[in-house]
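Now for the letters of each chain:
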Amino acid sequence: VTFPGPQMSCSCCGVADAHEVFKPRRKRWCTDIACLVLFVAALVYFGGFFVVTFLKDPTLLDDIIYPKDLYGNYCGKPGSATADYPKAVFPTLDADILIPENLAYLSTGQYWNFRPTVYCTQQCPEGFSLKAPVAYGGASYPGAQQPPVIYYAYQTQDVLSRCFPLDTTTTYERLQLCATPACTNATLISQLSGSVSCYNVESQPEADNVWQMCGEGVSSSLCTQQQDACELAIDVADTQTFVPVEQTTESEAFTKQYASYVKTAMGAVESIIVGPGLVTFLVGGFAAPLLLGFVWALFLRLFAAPLVYTLVTFYVLLCIGGSCYLAIKAGWLDSSDEITSALASLSDAVSAAGVSSNITDSLLSSAEAEEKTLFSVLAVIAIIFTVLSIVGLIACRKAIKRLVAMIREMTKIFKDMFLIQLFPLLSLLLQLGLFVFFLLALYFVGFVWEDQEWYIYAGLLFSYIFGFLWCVQTVRAIFWTSMSAAIAWWYCNRNAPSNKSASRCCPGSGAPLLLSSLFTVLSKHVGSAAFGAGIIAIVQVLQIVMHALNSVTKKRQADSNFLKYVMKCALCCLHCLEKTIKFISYFAFVYVAVRGSSFCRAASQTFGLIAANPGQVAINKMVQKLLGLLIGLSTPIGCCLAAFFFLESQTEYAAQYEPIYCAIAVLVVSYLVTDALVVCFNVGIDTIFVSAFKDMAENKPPKFMSDSLRRGFGLPRYKDGGYEEMDDADEEEETEPALQKGSPHRKGQSGKKVAPAWEAGSDV
C-alpha cells in the first residue's frame, strides 16, 4: 500500500478492499455529503448574518478600537475632530468614584459598569508639575463641545490607549547613604582623605553614624572609593505626594486599588517580555515541553510495562481508598475500636504536619445522621464498583499486556513523524481564531439586535454559540482524523514488517505524510467530521441551557431538595452523555481515517469494536486517562517550578520583578503544548488499536503488524517474506500465548493444529 495521490471522486458509499487495513485516497469517496452541505450552509449563515449585523452599526467596532470621551468622540479615530488626540485620560476619577451609582458598582466589584469622565489627550500624563501644570479640556479641546479645564495630578500607564492612574507620588531626590563603618571612624576618614561627613536623617535623628556617598561635587574616582569602603549601603528616596482637592479617604482607596491593579498587570506583562523573563518563557513554555515530549516517548518505549502496571495499581488503590472513605462517612467503622484508634492517630499525624485539625476531623469522621443514608448507598456502589474493577483487571490481564505493546509501538511514531506533536498546536491556533471571531460576532449581535423580542434575541445568541461549538469541534475532528490517517498509513507501510527501511535509525519529520493526510480529510471527509462534531455541539448547547436553568433556579433549589436533586441529576446525565458521545465519535473518526467510512458506518464499527473487545477498550481508556493526567500535570508543573526557581536565582531580575508571573505564564503555555503531546499519544494508541485488530480480523496471519507488536500480542514473527513457526520455547518467552488448538496455520512440536488469537474471538 502506497500513500495515494490527489485523485478525487465523490459518492455516498465506498468500495470494500479485502485484506487491506488502510484504504488509500484514490479508492475513497466523499462521505456524509448532506452534512457537509449543511455545515457549509451554516458557515454561510454565520458569516453573512455577521456582515449584515456589522453594516447595521459599524460604530460598534470603533468602541473596541478607540476610547470614547464624554461627548462620544472617538480618541484618535482618523478623520474625526479628535484624530490627533489618541489617548484617553480620566481627569476627575476621584469625583467620579464618589457618585453614588458608581460607588455602588465599585463596592460590589462590578467594575465593568463604572462610567468615569473621559477626555481625549495627545499623550498620557507622566506626573504633576507645579511649575508647568498641564491643563486638560477648555477652549483648546477639539470638537464642537469643550469640557471644563482640569489639572491632573496622577502618573499614568498607557494600556491600549487608556491612561490608567498609577500614583500621585513624585521622587525628587535619591541619596546613597552608608551606615557602616560610622562617619566618625578614624580609619575611614583617613582612608577617604577627610571626605566623610556625617549626614542628618530627619526621619531618624538618633542615627548619628550615617554619611553620604557620591554627593554633589564628588568625583567619580572618589565615589568609587567611598562605595568600596562602605560595608552597609542604603538608598534613600525622598518623595512628595500631590493630591487632588476632590480626593477623600474613600475615593483615595478606590484610586489606589485601581492603581495597584494597573501596576500589577503591567509589572506581570513586563516580567514576561524583558530580559531573563522572555528567555525563560520561551524555553520553559515551548522548548522544554516539546523536548520532554520526546523524553516521555523514550521513557514509554523503555518502561511501558512498569509504568502501565503502576498506573493500574494506583487505580485499584484509588478505588479502595474511595470505598473506605465512603464507609467511614457512612459510620460503618465507628463500632471498631481498632479502626477508630487508627483514624485518630492518622488525624493527629496529619495535624502535626500543619494541616488544620478541623479539616482532618471533617474528613476522617462519620457524617451527620441525616447524611449517613446517602453515604451508605454511595459506599455500597463504590465497593461493588471496586470489586468489579479488580475482577475485570484480573480477567483482562492479557489486554494489559497488549496495551503495553501498543504503547511501545506508538512511541515509534515520534521517530518517524516528530512534527506530529505540532499538529494539535495548529488546531489550537485555529480554535483561538474562531474564538476571537465568534466573540466579536456575539458582541455585535448582542448590541445590534437587543431591541428584538426576547425569544428572537435568545435564538440569535444561541445560534452563534452553537455555531462556535460546532466549528471548534469540527476543527478538532479534522485534525484528529488527519493524524489518525497518517498513523494508519505508517502502520501499514513504513512500520510494516515487509518494509526493509522500517528499522532505520534516522528520524523523519513526517511533514509530507501529515499534510497529505490533512488533504485527504479536507477533500473527502469534512462532512463526516462535521457530522460527529455537530452531535457533540448539540449536547454542549444542552449543557449550557441546563447550567443556565440551574443558575436561575438557585433560590428555589434552596427551598426544595427535590428540585435540587433533579437539577444535579440532569447536569450529571448531560455530562455523562457528552463524554459517551465524544468517546464514540473520536473512535469513529479513527475508522473514517483508516477505512474512509461515513460517520454513521464508522460509529457502527465503533460499537462493534466495543462489543467485541470490551475489556481491551476499557483497559486502553483507563490507562490513557491516567497516563494523560501524569504527563499533562507533571510536565507543566515541572516547567513552572523550574522557571520560578531559575528567575528567583537571578538577583537583578528578582529585585525588579515578581518571578511568579512569568512562572504562571510558563505553566499555562507549557500545559497547552503538553496537551498536544497527550493528544498525539491518544490518537496514536487508538489508531494502532483499531489498525491492529482490523489487521488480525482481515488477514490471517496479520499482514501489516510489526514484529515488535507481534511479540506483544504473542503472534508469530515475520521473517524472510513469511511468518516463522513458534516452537515451545518461543511460546514460553512470549508475554501472551497467541495460539490455541484447531488452527491450520501451523503445527507445534506436539503435532496438534492450533488457531491464532484473531480466530479465537475477541479479547483473547
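Structure: see above.
Definitions and cut-offs
- Residues numbered from 1 in each chain as written.
- Predicted model: local features only at pLDDT ≥ 70, side-chain atom pairs only at ≥ 80, totals over all residues.
- Heavy atoms only, no water.
- Disulfide = S-S within 2.5 Å.
- Helix = DSSP H or I, 4+ residues; strand = E, 2+ residues; numbered from the N terminus.
- Buried < 20%, exposed > 50% of the residue type's maximum accessible area, 1.4 Å probe, protein only.
- Phe/Tyr/Trp six-rings, centres within 6.5 Å; stacked < 30°, edge-to-face > 60°.
- Salt bridge = Lys/Arg side-chain N within 4 Å of Asp/Glu carboxyl O.
- Contact = heavy atoms within 4.5 Å.
- Core = buried A, V, L, I, M, F, W, Y, C linked by side-chain atoms within 4.5 Å.
- Expected span 1.5 Å × (residues − 1).
- Polar contact = N/O pair within 3.5 Å; in protein donor to acceptor, adjacent residues only side chain to side chain.
- Axes fitted to C-alpha atoms, helices over the stretch in contact; angles between N-to-C directions.
- Parallel < 35°, antiparallel > 145°, perpendicular 65-115°, else oblique.
- Nonpolar A, V, L, I, M, F, W, Y, C, P; charged D, E, K, R; others polar.

Novice: So what about the state of the cysteines? Which residues, and what values?
Specialist: Using the criterion set out here, one finds five disulfides in the structure. The disulfide bridge from Cys75 ends at Cys120, spanning 1.9 Å between sulfur atoms. Residues Cys75 and Cys120 are joined through a disulfide that is left-handed, its torsion about the S-S bond being -80 degrees. Of the two residues, Cys75 is situated in the loop between α2 (59-65) and β1 (87-89) and Cys120 in strand β2 (residues 119-121); the sequence distance between them amounts to 45 residues. Residue classification places Cys120 among the buried residues on the basis of a relative accessible area of 3%. In this model, Cys183 is linked to Cys198 through a disulfide, with the two sulfur atoms separated by 1.9 Å. In this structure the cystine formed by Cys183 and Cys198 twists about its S-S bond by roughly 85 degrees; its chirality is therefore right-handed. Of the two residues, Cys183 is situated in the loop between β7 (169-180) and α5 (186-191) and Cys198 in the loop between α5 and β8 (211-213); the sequence distance between them amounts to 15 residues. Residue Cys183 is classed as buried on the basis of its relative accessible area, which comes to 3%. Overall, the relative accessible area of 44% leaves Cys198 in the partly exposed class. Among the cysteines around Cys640, which has no disulfide bond, Cys639 carries the closest sulfur, lying 8.8 Å off.

Novice: Can you tell me about the packing of aromatic side chains, naming the residues and giving the values?
Specialist: Counted according to the given criterion, the structure contains 38 aromatic pairs. With a centroid separation of 6.0 Å and an interplanar angle of 90 degrees, the aromatic rings of Phe281 and Phe286 are classed as edge-to-face. For Phe281, a relative accessible area of 16% puts it in the buried group. Residues Phe294 and Phe414 carry aromatic rings whose centres are separated by 6.3 Å and whose planes lie at 90 degrees to one another, so their mutual orientation is edge-to-face.

Novice: Give me the lowdown on the pattern of salt bridges, citing residues and values where you can.
Specialist: Summed over the entire model, instances satisfying the criterion amount to eight salt bridges. Between Asp158 and Lys87 there is a salt bridge whose closest N-O contact spans 2.6 Å. In this pair, Asp158 sits in strand β5 (residues 155-159) while Lys87 sits in strand β1, placing the two residues 71 residues apart along the sequence. Note that Glu578 and Lys582 form a salt bridge whose closest N and O atoms lie 3.3 Å from each other. One end of the pair, Glu578, and the other, Lys582, are both in helix α19 (residues 561-595), four residues apart, so they sit about a helical turn from each other. Accessibility expressed as a relative area gives 9% for Glu578, which makes it buried. Classification of Lys582 by relative accessible area gives partly exposed; the value is 21%.

Novice: Can you explain the side chain of Gln605? Please cite residues and give values.
Specialist: By the element assignment, Gln605 lies in helix α20 (residues 599-612). For Gln605, a relative accessible area of 18% corresponds to the buried category. Discounting residues that sit within four places of it in the chain, Gln605 has contacts with Tyr591 and Ser597.

Novice: So, the nonpolar core: which residues are in play, and what are the values?
Specialist: In a soluble, globular protein the nonpolar side chains are often hidden away together inside. Formed by 90 residues in total, the largest nonpolar core has its most connected members in Ile407, Met410, Met417, Ile420, Val623, Leu709 and Phe713. At 14 residues, the largest contribution of residues to this core is made by helix α15 (residues 454-492). Residue contacts for Val623: discarding those within four places in its chain leaves Val308, Leu311, Val312, Leu403 and Ile407. Among the nonpolar cores identified, the runner-up in size contains 22 residues, and Cys35, Phe438, Trp449 and Leu469 belong to it.

Novice: Which residues make up the environment of Ala182, and what values do they have?
Specialist: Among the structural elements, Ala182 can be located in the loop between β7 and α5. Here the alpha-carbon distance between Ala182 and Val210, two residues 28 residues apart in the chain, equals 6.1 Å. Setting aside residues up to four positions removed in sequence, Ala182 forms contacts with Leu188, Asn209 and Trp211.

Novice: Requested: an account of helix α23 (residues 659-698), with residues and values cited.
Specialist: Across its 40 residues, α23 extends 58 Å between first and last C-alpha, which sits within 8% of the 58 Å expected from 1.5 Å per residue. With 28 of 40 residues buried, α23 lies mostly within the body of the structure.

Novice: How would you summarise the side chain of Ser706 if you had to cite specific residues and measurements?
Specialist: Topologically, Ser706 is positioned in the loop between α23 and α24 (707-713). In this structure Ser706 comes out as buried when scored by relative accessible area, which is 4%. Looking at Ser706, its side chain comes within polar contact range of the side chain of Ser708, at 3.2 Å. Beyond its immediate stretch of four places on either side in the chain, Ser706 contacts Glu409, Lys412, Asn495 and Pro497.

Novice: Could you give an account of the packing of helix α1 (residues 33-56) against helix α17 (residues 526-552), naming the residues involved and the relevant values?
Specialist: At a closest axis distance of 7 Å, the pairing of α1 and α17 adopts a crossing angle of 75 degrees. Taken as axis vectors, α1 and α17 run roughly perpendicular relative to one another. Contacts from Cys35, Leu36 and Phe39 of α1 reach α17 at Val526, Gly527, Ala530 and Phe531. Of the residues that constitute the contact of α1 with α17, the class distribution is six nonpolar, one polar and no charged.

Novice: Pulling in residues and values, what's your account of unusual backbone geometry?
Specialist: Backbone phi values are negative for most residues with the exception of glycine, while trans is the configuration of most peptide bonds. Following Thr180, the chain continues into Pro181 via a peptide bond in cis, with omega recorded as 0 degrees. Along the chain, Pro181 turns up in the loop between β7 and α5. In this structure, Asp32 takes a positive phi of about 50 degrees despite not being glycine. Tracing the chain through its elements places Asp32 in the segment before α1.

Novice: If you had to explain the environment of His575 to someone new, which residues and values would you point to?
Specialist: Inspection of the secondary structure assignment puts His575 in helix α19. Overall, His575 belongs to the partly exposed group, its relative accessible area being 40%.

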